[in-house]
Amino acid sequence: MNPRLHSVVLDCPDPDALARFYAGLLGKEVSHRSDDWVYVLVGEGWGLAFQRAPDHRPPEWPDPERPQQIHLDVEVDDIEEAERLALELGAHPLRKVKVEEDADDRFRVYTDPAGHPFCLEY
């Protein structure tokens, strides 16, 4: 047995739209598309998948009644450029987080167009 991570799957109301968001953010392409499932190959042999969930209720992070459940951390070289791109693609800023007192602006927290939290970090 040789287990390997194949994909991280996010439920959402519009798989195609969310796949385009993450493909644009990560500089990748959609590699598979069907009515209810869209896949973006991210690394060698693994990727992000987006599954239609008509009754999807996005997290209301940090509200414990609707917790984030999962989030993605995206490492970038230029936080300002990455933020500009994320916002152009439809991200919504949540807040800036200081990880250490001297680490101003190291992480920035957003939601994707379907409401899943993600972080840009450098």
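The structure this text deals with has already been given above.
These lines cover the structure that appears in this document, whether it is placed above or below. In every chain, residue numbers begin from 1 and rise along the written sequence. The predicted origin of the model limits local features to residues at a pLDDT of at least 70 and limits the giving and counting of side-chain atom pairs to 80 or more, whereas totals for whole chains, interfaces and linings rest on all residues. Excluded from the side-chain calculation are hydrogens and water; included are all heavy atoms of the structure.

Here the largest pocket defines a volume of roughly 210 Å³. Lining the largest pocket are 14 residues; nearest its centre among them are His56, Arg57, Pro59, Gln69 and His116. Here the lining of the largest pocket is composed, by residue class, of 6 nonpolar, 4 polar and 4 charged. We place a 1 Å grid over just the protein atoms. Points where a 1.4 Å probe fits but has no way out form a cavity, open points with protein on both sides within 12 Å along at least 5 of 7 lines form a pocket, and any residue with an atom within 4 Å of a point lines it. Grid points are joined across faces, edges and corners, and a volume is the space filled by probe spheres set on the points. Nonpolar residues are Ala, Val, Leu, Ile, Met, Phe, Trp, Tyr, Cys and Pro. Charged residues are Asp, Glu, Lys and Arg, and all others, Gly as well, are polar.

Paired strands are those between which DSSP finds at least two bridges. Put simply, DSSP H or I for four residues or longer makes a helix, DSSP E for two residues or longer makes a strand, and each gets a number counted from the N terminus. Taken together, 4 strands build an open sheet; the order of strands is E1-E4-E3-E2 and the sheet is mixed. Both edges of this open sheet fall to strand E1 (7-12) and strand E2 (30-33), since each of them pairs with a single strand only. In this sheet, adjacent strand axes meet at a mean angle of 20° when their direction is disregarded. Where E1 and strand E4 (residues 46-52) come together, 6 bridges link them in parallel fashion. What sits directly across from Asp11, in E4, is Gln51. By definition in these notes, contact holds between two residues if any of their heavy atoms fall within 4.5 Å. The axes are straight lines fitted to the C-alpha atoms, using for helices just the contacting stretch, and the angles between their N-to-C directions are given from 0 to 180°. The strands touched by helix H1 (residues 15-26) within the sheet are E1, E2, strand E3 (37-43) and E4, with E4 carrying the most contacts at an inclination of about 155°.

Another aspect to go through is the pattern of salt bridges. Here a salt bridge means any side-chain nitrogen of Lys or Arg lying within 4 Å of a carboxyl oxygen belonging to Asp or Glu. With the rule as written, the count across this model stands at 8 salt bridges. With a shortest N-O distance of 3.7 Å, Glu60 and Arg66 are connected by a salt bridge. Only protein chains enter the accessibility calculation, which uses a 1.4 Å probe; a residue is then buried when its area is under 20% of its type maximum, exposed when over 50%, and partly exposed in between. Classification of Arg66 as partly exposed rests on a relative accessible area of 22%. Arg108 serves as the salt-bridge partner of Glu80, at 2.7 Å between the closest nitrogen and oxygen. Taken together, the positions of Glu80 in helix H2 (residues 79-89) and Arg108 in strand E7 (residues 107-111) put the pair 28 residues apart, joining distant regions of the chain. The class of Glu80 is partly exposed, set by a relative accessible area of 46%. With relative accessibility at 2%, the residue Arg108 sits in the buried group.

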